[in-house]
Amino acid sequence: MDVEVSCLQTLLYVLLIIVSLALIAVVLLQAGRSAGLSGAISGGAEQMIGKQKARGVEAFLSRATVVLAVLFFVLTLLLGYFL
C-alpha cells in the first residue's frame with residue numbers, strides 16, 4: 001500500500017511541476033491590461049465600461065489560464081491530502 005501511495009505522490013508532483021510551468025508560461029504570454037499608472041487611470045475605465053471582448057489568442061490564453069489555475073489548486077489539494 002505504501003508503494004502505491006508513493007507512486008501516486010510522485011505522479012502528482014510531476015503533474016504539479018508541469019502545470020506550474022505551463023501556468024507561468026501562459027501568464028507571461030498574456031498582454032498587459034494597462035500601460036503603467038496612466039493606463040490605470042485613463043484606460044481602466046474604458047476596459048471596465050467598454051464592450052471589449054477577448055478574441056483569438058487572447059481568449060485562448062485567458063481560458064488556458066483559468067484551466068491551469070484550477071488544475072494547480074486541485075493537484076495541490078490532492079498532494080496535501082496524501083501527505
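Please refer to the structure placed before this passage.
Since the model is a prediction, treat every value here as computed from it, not as a measurement.

Enquirer: What's the story with the overall build of the protein in this structure? I'm lost.
Expert: Of the regular secondary structure elements, the protein holds three helices and zero strands. Starting at the N terminus, the α and β elements of the protein follow one another as α-α-α. A total of 83 residues make up the protein; the buried ones form 19% of that total. Here the analysis covers contacts within the protein between residues at least 6 apart in sequence; of these, 94% occur between residues at least 24 apart. Put simply, the protein shows about 6700 Å² of open surface, and 71% of that area lies on carbon and sulfur atoms.

Enquirer: Mind showing me how you'd approach the packing of aromatic side chains here?
Expert: Between two aromatic rings, the relevant description is the distance of the centres plus the angle of the planes. This structure, assessed with the given rule, holds two aromatic pairs. Taking the centre distance of 5.8 Å and the plane angle of 75 degrees together, the rings of Phe-72 and Phe-73 count as edge-to-face. Among the residues examined, Phe-73 registers a relative accessible area of 54% and is labelled exposed.

Enquirer: Would you mind going over the environment of Thr-10 with me for this structure?
Expert: Mapped onto the elements of the fold, Thr-10 is located in helix α1 (residues 2–29). C-alpha of Thr-10 to C-alpha of Leu-79: the two residues are 69 residues apart in sequence and 9.6 Å apart in space.

Enquirer: Sorry, what's going on with the packing of α1 against helix α3 (residues 57–82) here?
Expert: Packed helix pairs are specified by the crossing angle of their axes together with the interaxial distance, meaning the distance between the axes. Direction vectors running N to C along α1 and α3 enclose 155 degrees, while the axes themselves pass 9 Å from each other. Here α3 runs roughly antiparallel to α1, going by the angle between their axes. Between α1 and α3 the crossing geometry is left-handed. Among the residues making up the contact of α1 with α3, the classes are represented as 22 nonpolar, four polar and no charged.

Enquirer: How should I be thinking about the nonpolar core in this particular structure?
Expert: The nonpolar side chains of a soluble globular protein tend to be buried with one another. Within the largest apolar cluster, 10 residues are counted, these being Leu-12, Leu-16, Val-19, Leu-23, Val-26, Leu-61, Ala-64, Leu-68, Leu-75 and Leu-79. Residue assignment for this core shows that the elements contributing at least two residues are α1 and α3. In this view, Leu-75 contacts Leu-12, Leu-15, Leu-16 and Val-19; residues no more than four positions away in its chain are not counted.

Enquirer: What is the right way to read the side chain of Thr-65 from this model?
Expert: By the element assignment, Thr-65 lies in helix α3. At 2.6 Å, the side chain of Thr-65 and the side chain of Gln-30 are in polar contact. Residue contacts for Thr-65: discarding those within four places in its chain leaves Leu-23, Val-26, Val-27 and Gln-30.

Reading the values: rules and limits
- Residues numbered from 1 in each chain as written.
- Predicted model: local features only at pLDDT ≥ 70, side-chain atom pairs only at ≥ 80, totals over all residues.
- Heavy atoms only, no water.
- Helix = DSSP H or I, 4+ residues; strand = E, 2+ residues; numbered from the N terminus.
- Buried < 20%, exposed > 50% of the residue type's maximum accessible area, 1.4 Å probe, protein only.
- Contact = heavy atoms within 4.5 Å.
- Areas by Shrake-Rupley, 256 points an atom, 1.4 Å probe, with all protein chains shown as cover.
- Phe/Tyr/Trp six-rings, centres within 6.5 Å; stacked < 30°, edge-to-face > 60°.
- Axes fitted to C-alpha atoms, helices over the stretch in contact; angles between N-to-C directions.
- Parallel < 35°, antiparallel > 145°, perpendicular 65-115°, else oblique.
- Left-handed = near helix turned anticlockwise from the far one by under 90°.
- Nonpolar A, V, L, I, M, F, W, Y, C, P; charged D, E, K, R; others polar.
- Core = buried A, V, L, I, M, F, W, Y, C linked by side-chain atoms within 4.5 Å.
- Polar contact = N/O pair within 3.5 Å; in protein donor to acceptor, adjacent residues only side chain to side chain.

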